[in-house]
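Observations on the three-dimensional arrangement
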Amino acid sequence: MEQAQPSRVAVITGAAQGIGRSIALRLAEDGLDVAVNDLASKINELTEVVSQIQARGGRALAVPGDVSLEGDVEAMVATVVQCLGGLDVMVANAGILVSPLKPLVETSSESWDATISVNLRGAMLCYKYAAMEMIKQGRGGRIIGASSICGKQGMSWLSAYSASKFAIRGLTHSAAAELAQHNITVNTYSPGCIETTMTANPDVEKTLNLTADTPRAKPEVIASLVSYLVKPEAYFITGQTIMANGGSTMD
Ligand code: NAD
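Throughout what follows, the structure given in this document is the object of discussion. (Residues numbered from 1 in each chain as written. Predicted model: local features only at pLDDT ≥ 70, side-chain atom pairs only at ≥ 80, totals over all residues. Heavy atoms only, no water.)

Considerations on the layout of surface pockets
Unfilled space is identified by rolling a water-sized probe across the atoms. To be explicit about the condition: Whether a set of points on the 1 Å grid over the protein atoms alone is a cavity depends on a 1.4 Å probe fitting there but being unable to get out, while an open set qualifies as a pocket with protein on both sides within 12 Å along at least five of seven lines; lining residues are those with an atom within 4 Å of a point. Grid points are joined across faces, edges and corners, and a volume is the space filled by probe spheres set on the points. For helices the rule is a DSSP run of H or I covering at least 4 residues; for strands it is a run of E covering at least 2, with both sets numbered from the N terminus onward. As a working rule, the residues Ala, Val, Leu, Ile, Met, Phe, Trp, Tyr, Cys and Pro are called nonpolar, Asp, Glu, Lys and Arg charged, and the rest polar, with Gly in that last group.
Of the pockets and cavities examined, the largest pocket occupies roughly 1,000 Å³. As for the largest pocket, its lining consists of 44 residues, and the residues nearest its centre are Gly95, Leu97, Tyr161, Thr196 and Met198. Counting only elements with at least two residues in the lining of the largest pocket, the list comes to helix H1 (18-29), helix H5 (159-179), strand E6 (184-191) and strand E7 (193-194). Among the elements that make up the lining of the largest pocket, the one with the highest residue count is H1 (3 residues). By residue class, the composition of the lining of the largest pocket is 21 nonpolar, 19 polar and 4 charged. Roughly 260 Å³ of volume is contained in the second largest pocket.

Overview of the site of the ligand
Applied cut-off: Here, proximity means that at least one heavy atom of the residue falls within 4 Å of the molecule or strand. Pairing of N or O atoms within 3.5 Å defines a polar contact, subject to two protein rules: one partner must be a possible hydrogen donor and the other a possible acceptor, and residues neighboring in sequence count only if both atoms are side-chain atoms. Exposure was quantified through the Shrake-Rupley algorithm and a 1.4 Å probe, taking into account, for residues, occlusion by the shown protein chains and nothing else. Assignment of a molecule to a cavity or pocket requires that more than half of its atoms lie within 2 Å of the corresponding grid points.
Around the ligand lies a shell of 29 residues, among which Asp38, Lys42, Asn93, Tyr161 and Thr196 are the nearest. Lys42 is positioned such that a nitrogen or oxygen atom in its side chain is 2.8 Å from an oxygen atom of the ligand. In this structure, Ile194 approaches the ligand through a main-chain N or O atom, which is 2.8 Å from an oxygen atom. Contact with the protein chains covers 94% of the free accessible surface of the ligand, which is 830 Å². Counting atoms within 2 Å of the grid points, the majority share of the ligand lands in the largest pocket.

Notes on the sheet that holds strand E3 (residues 60-62)
Our working definition: Strand pairing requires that DSSP identify at least two bridges connecting the strands. Note on method: axes are straight lines fitted to C-alpha atoms, helices fitted across the in-contact stretch only, with angles between N-to-C directions ranging 0 to 180 degrees. Should any heavy atoms of two residues lie within 4.5 Å, those residues are counted as being in contact.
Strand order across the open sheet formed by 7 strands is E3-E2-E1-E4-E5-E6-E9, with parallel pairing between neighbours. Lying at the two open borders of the sheet, with one neighbouring strand each, are E3 and strand E9 (241-244). Put simply, the sheet's adjacent strands are angled 15 degrees from each other on average, direction ignored. Sheet topology note: the strand E2 (residues 33-36)/E3 ladder contains 3 bridges and is parallel. What sits directly across from Ala35, in E3, is Leu61. Sheet strands touched by helix H4 (residues 109-137): strand E4 (89-92), strand E5 (141-146) and E6. Its angle to E5, the strand with the most contacts, is close to 180 degrees.

Structure below.
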């Protein structure tokens with residue numbers, strides 16, 4: 001008789017709402033055990049995601065913490081490994097878009113640092129601690145980051161955000177090259193306009209000129225892309241940034 005394979009374990013950061021929440025629900029539906037991270041201030045939302053997964057018979061855990069803090073990321077990965085038995089998938093989704101958006105000449109170094117510390121250092125720390133655990137386990141893995149349409153084309157009034165989303169692609173290329181020997185793939189998704197709190201902000205809508213004609217989609221579109229990248233059959237895709245933007249820009 002064939003032995004049942006143990007479930008794979010995924011961590012999704014920034015999973016209290018929006019794209020991260022949708023990815024968590026989708027990966028749970030796909031049969032993975034899921035740990036959901038977000039800031040401690042979002043513990044109620046995280047608990048709600050955990051309850052929803054558990055009500056459908058899945059295994060889930062809330063691991064609050066700030067991804068820009070190395071100690072929090074290290075502790076998050078350790079807790080997941082201890083409670084769920086390992087780590088196979090890291091989705092470094094957490095990101096911020098500091099509003100009000102401003103042109104470069106009015107951008108403060110504080111707002112620049114805030115963006116880079118969550119969007120880039122946070123992703124780097126998640127990649128690093130996930131990779132350390134995956135290498136130790138020796139059973140491969142999937143690391144996935146959140147780039148953006150702004151990570152392929154810089155846009156006015158988005159210098160820090162665009163720079164962080166370009167940089168995630170460089171991080172992803174390097175990590176993919178280093179980790180291939182461990183059967184770990186590293187990719188990013190690059191969404192266009194997805195209907196979340198981030199884009200439902202009037203300042204963002206106005207500055208980015210988001211109109212009724214702008215192609216837009218629900219977070220489930222990104223969750224579906226991540227679901228594919230996590231599947232064993234996606235082993236040959238690595239070092240890529242995959243755009244999902246309704247044709248707003250084309251590669
Ligand atoms: P969102 O603002 O709805 O959700 C982001 C989540 O990340 C929030 O719950 C927030 O609390 C959490 N977060 C912020 N800082 C954190 C930190 N330091 N530690 C842990 N969690 C933190 O955003 P979203 O639209 O769901 O975006 C998710 C990702 O996709 C982001 O990286 C974003 O830049 C990227 N993205 C979004 C769009 C879009 O159109 N919505 C487009 C391109 C890229």
